[in-house]
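One-letter residues, chain by chain:
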Amino acid sequence: MAVLLEDILQSLELWLKLMKKDPQPYVDPNLDPVLLVPGIAGSILKAVDTDNCNKDERVWVRIVRADYKFRTKLWSRFDPSTGKTVTLDPKTSILVPEDRYGLHAIDVLDPDLVIGRDCVYYFHDMIVEMIKWGFQEGKTLFGFGYDFRQSNRLPETMECFAKKLESVYNASGGKKINIISHSMGGLLVKCFMSLHSDIFEKYVKTWIAIAAPFRGAPGYITSTFLNGMSFVEGWEQNFFISKWSMHQLVGMHPKALIECPSIYELMACPHFNWQHIPLLEIWREKKDSDHNPQLILESYPPEGSIKVFKDALSSNSVNYDGMDIPLPFNLDILKWANETQKILSSAKVPSQVKFYNIYGTNLETPHSVCYGSEEAPVTDIQELRFFQPTYVCVDGDGTVPAESAKADGLNAEARIGVPGEHRGILSEHHVFRILKHWLRAGDPDPYYNPVNDYVILPAAFDVGTHKDKGLQITSLKEEWEIISASGDADDLADKKAVVSCHADAGQQGTYATVIVHPKDEGKQHIQVNAVNVGVC
């Protein structure tokens, strides 16, 4: 029945494509190429039968039999000699589709999904918007999908990225590339820039990082190690991978199955000077010297949390193909991830490349994690993974704290905070306006300020000069309108105009008045009146 449903969905998708006739999009031949790089879980993955290369199936993301395919095709084990996590099934290799110049893999992660399709949008809205600006797939717009289970510095991935840069450069006629990365994709780009700065400088013009966890995602990753992660929330979870299967993807021993180096590379950076150190807290019930129960709140900083992970996951296991496989915390992957942190910390932006940073704000974002409570303390540390965590939150995008995303450690042209959710920020029109400005797409707007997201428009200008009794009098009148996307007009509606005056002493000098009117419907009117008196 499941196979039949999948065939029907694929037929429906093909029929809709045949029926749809899009008008020819506008193409701007003067644009520099853009390469989109996604974050974790942001690429379609296909399982290919090594005995028959023509036989493949999408294993991430998919609706039908999603959890089963995930467990049989994506569960893997880490090889410390290569730094690669290898799929357990010896007859399966994992590939990322290259259709549409790499854009297919990072556009809509499950093209078969009809109802609630926007929950699997990744770069979809941004791709649609950029095509409106005149970008063209295969000429000025490209994507780089990758196996997000792997380390961000895996030599194989670095080699593929180098080839991608060269191919984009050649396809665009030798134009340097604008890279737009999202989330963990920023760590991948930064690793490449650190390890291959010469290639990066040769092909790259601008790098724009969006919502990058430069110093980790402390609360999110801590709970991921102990409880797993969900790619989506709400009813859509029924169609995807169970949270526990995602937990086993993280797991944890060189002889085990399910190991994901990229997750370890997202742990809180222990050497970063955090404003508030991210903690793992546990309400424990222990006995004092008289064997009486006593409640204790234990607090562990990032480095101290390692022992908790080891103890909590010491008896963790998974059943694969009828065998129980132990999955304790993997110290080999941790060692590899620590080396990745050193590579990231040594990265520098080449002198000919411009770097910009956009980070998410205005959302409660997990920072410290607490398990147990005074009413229900943790008595057995190995039961920790069955407790639901509570969080101490800070400002961020719901996944990455703003403090982490801002701390790129690089020479940035600008760092701009945008209210938005970690993945949803890729559909924010504020972000689109900033990108359009930085990419110089469409008609440039010299009055746009991307930092504050407003436009200053000249509304009137008048200057006049006349002589009177040996004095030359020059008058100036100038009016401006400040137009912003976010309206706080209601807050200012009842306020009066603000008047500021300036006058020089004596008979001669300058007299000026600035009037700032209350904001109305996103517009704020400013008047400048000035008079200068001088001797003829």
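Per-chain numbering applies: the sequence of each chain, read as written, is numbered from 1 onward. In keeping with the predicted nature of the model, local features appear solely for residues at pLDDT of at least 70, side-chain atom pairs appear and are counted solely at 80 or more, and the whole-chain, interface and lining totals rest on all residues. With hydrogens and water stripped out, all remaining heavy atoms of the structure feed into the side-chain values.

## Quick look at the overall build of the protein
Counting secondary structure elements, the protein contains 14 helices and 23 strands. Note on classification: 1.4 Å probe, protein chains only; a residue is buried when its accessible area is under 20% of the maximum for its type, exposed when over 50%, partly exposed between these limits. The proportion of buried residues among the 536 residues of the protein is 50%. Here a residue-residue contact requires only that any non-hydrogen atoms of the pair lie within 4.5 Å. Taking the contacts inside the protein whose residues are at least 6 apart along the sequence as the reference set, 71% of them involve residues at least 24 apart. Working note: accessible area of the protein is about 26100 Å², and carbon and sulfur atoms make up 52% of it. Only runs of H or I of at least four residues qualify as helices and only runs of E of at least two qualify as strands under DSSP, and these elements are numbered from the N terminus. Using a 1.4 Å probe, accessible areas were evaluated by the Shrake-Rupley method; residue-level cover was limited to the displayed protein chains.

## Some remarks on the side chain of Glu265
Relative to the helices and strands, Glu265 is located in the loop between helix 9 (261-264) and strand 10 (280-287). Neither His nor the chain ends contribute to the count of charged residues, in which Lys and Arg are positive and Asp and Glu negative. The salt bridge definition used is simple: a Lys or Arg side-chain nitrogen within 4 Å of an Asp or Glu carboxyl oxygen. One buried charged side chain, Glu265, makes no salt bridge at all; its nearest oppositely charged neighbour is Arg153, positioned 4.8 Å away. Distance and chemistry together define a polar contact, namely a pair of N or O atoms within 3.5 Å, with one atom able to donate a hydrogen and the other to accept it when in protein, and with adjacent residues in sequence counting only for side-chain atoms on both sides. There is a polar contact of 2.8 Å between the side chain of Glu265 and the side chain of Thr340. Apart from the residues lying within four places of it in its own chain, the contact partners of Glu265 are Ser151, Asn152, Leu187, Trp336, Ala337, Thr340 and Gln341.

## Quick look at the packing of helix 4 (residues 155-171) against helix 5 (residues 185-195)
Axis angles are defined between N-to-C directions and span 0 to 180 degrees, where every axis is a line fitted to C-alpha atoms and, for a helix, only to the segment in contact. Running from N to C, helix 4 and helix 5 point in directions that differ by 85°, and their axes come no closer than 11 Å. What the angle tells us is that helix 4 and helix 5 run roughly perpendicular. Residue-level contacts link Thr157, Met158, Phe161, Ala162 and Leu165 of helix 4 to Leu188, Val189, Cys191, Phe192 and Leu195 of helix 5. Its residues assigned to classes, the contact of helix 4 with helix 5 shows 9 nonpolar, 1 polar and no charged. Should an angle fall under 35 degrees it is called roughly parallel, over 145 degrees roughly antiparallel, and 65 to 115 degrees roughly perpendicular, with every other angle called oblique. Charged residues are taken to be Asp, Glu, Lys and Arg, nonpolar residues to be Ala, Val, Leu, Ile, Met, Phe, Trp, Tyr, Cys and Pro, and polar residues to be all remaining types, Gly included.

## Structural notes on the pattern of salt bridges
Between side chains of opposite charge, a pair can form when the charged atoms approach closely. Evaluated as defined, the whole model comprises 12 salt bridges. Put simply, Lys164 and Glu98 hold a salt bridge, and the shortest N to O gap is 3.5 Å. With Lys164 in helix 4 and Glu98 in the loop between strand 6 (92-95) and helix 3 (124-132), the pair connects residues that are 66 residues apart, well separated along the chain. The partner of Lys307 in a salt bridge is Asp311, with the nearest N and O atoms 2.8 Å apart. One end of the pair is Lys307 and the other is Asp311, both in helix 10 (residues 305-312) and 4 residues apart, which spans about a single turn. Among the residues examined, Lys307 registers a relative accessible area of 55% and is labelled exposed. Three or more residues are tied together by salt bridges with common partners; here these are Arg100, Asp107 and Glu137.

## Structural notes on the packing of helix 3 against helix 13 (residues 429-439)
Between helix 3 and helix 13, whose axes approach to 11 Å, the crossing angle comes to 45°. One way to sum up the angle between helix 3 and helix 13 is to call them oblique. Pair helix 3 / helix 13 crosses with right-handed handedness. Judged by residue contacts, Asp125, Met126, Glu129 and Met130 of helix 3 engage Phe432, Leu435 and Leu439 from helix 13. For the contact of helix 3 with helix 13, a count of residues per class yields 5 nonpolar, no polar and 2 charged. A clockwise turn of the near helix away from the far one marks a right-handed crossing, whereas an anticlockwise turn of less than a right angle marks a left-handed crossing.

## Quick notes on the sheet that holds strand 16 (residues 390-396)
Any two strands are treated as partners once DSSP identifies two or more bridges connecting them. Taken in spatial order, the 4 strands of this open sheet run 11-10-15-16, and their pairing is mixed. Of all strands in the sheet, those bounded by a partner on one side alone are strand 11 (293-300) and strand 16. For this sheet the average axis-to-axis angle between neighbouring strands, irrespective of direction, equals 25°. Seen against the sheet, helix 7 (residues 218-227) touches strand 10, strand 15 (363-371) and strand 16 and runs at an angle of roughly 45° to strand 15. Those strands touched by helix 10 are strand 10 and strand 11, and its axis lies near 60° from that of strand 10.

## Remarks on helix 5
Along helix 5, 9 of the 11 residues are buried, which leaves the element largely enclosed by surrounding structure. Listed as buried for helix 5 are Gly185, Gly186, Leu187, Leu188, Val189, Lys190, Cys191, Phe192 and Met193. Buried residues along helix 5 sit in contact with strand 1 (34-37), helix 4, strand 8 (177-182), helix 6 (197-203), strand 9 (204-210) and helix 11 (331-345).

## Focus on the confidence of the model for the protein
Within the protein, residue pLDDT values average 81, and 73% of them lie at 70 or more. Ignoring residues within four places in sequence, the model shows residues 231-258, a span with pLDDT below 50, making 111 contacts including any to other chains. Throughout residues 487-495 the model reports pLDDT below 50, and contacts reaching past four residues in sequence, or to other chains, amount to 9 contacts. Across the chain, each position has a pLDDT score giving the predictor's confidence in that residue, from 0 to 100.

## Let's talk about unusual backbone geometry
A positive phi angle, near 55°, is found at Arg100, a position not held by glycine. With respect to the helices, strands and loops of the structure, Arg100 is situated in the loop between strand 6 and helix 3. At Asn362, a position not held by glycine, the phi torsion is positive, near 75°. Note that Asn362 resides in the loop between strand 14 (354-361) and strand 15.

## Let's talk about the environment of Asn452
Structurally, Asn452 can be placed in the loop between strand 18 (448-449) and strand 19 (454-468). On the basis of relative accessible area, Asn452 is assigned to the partly exposed category, the value being 45%.

## Observations concerning the side chain of His124
Structurally, His124 can be placed in helix 3. For His124, a relative accessible area of 17% gives the class buried. Reaching out from His124, the side chain makes a polar contact with the side chain of Asp107 at a distance of 2.7 Å. Here His124 is in contact with Ile106, Asp107 and Val108, once residues within four sequence places are set aside.

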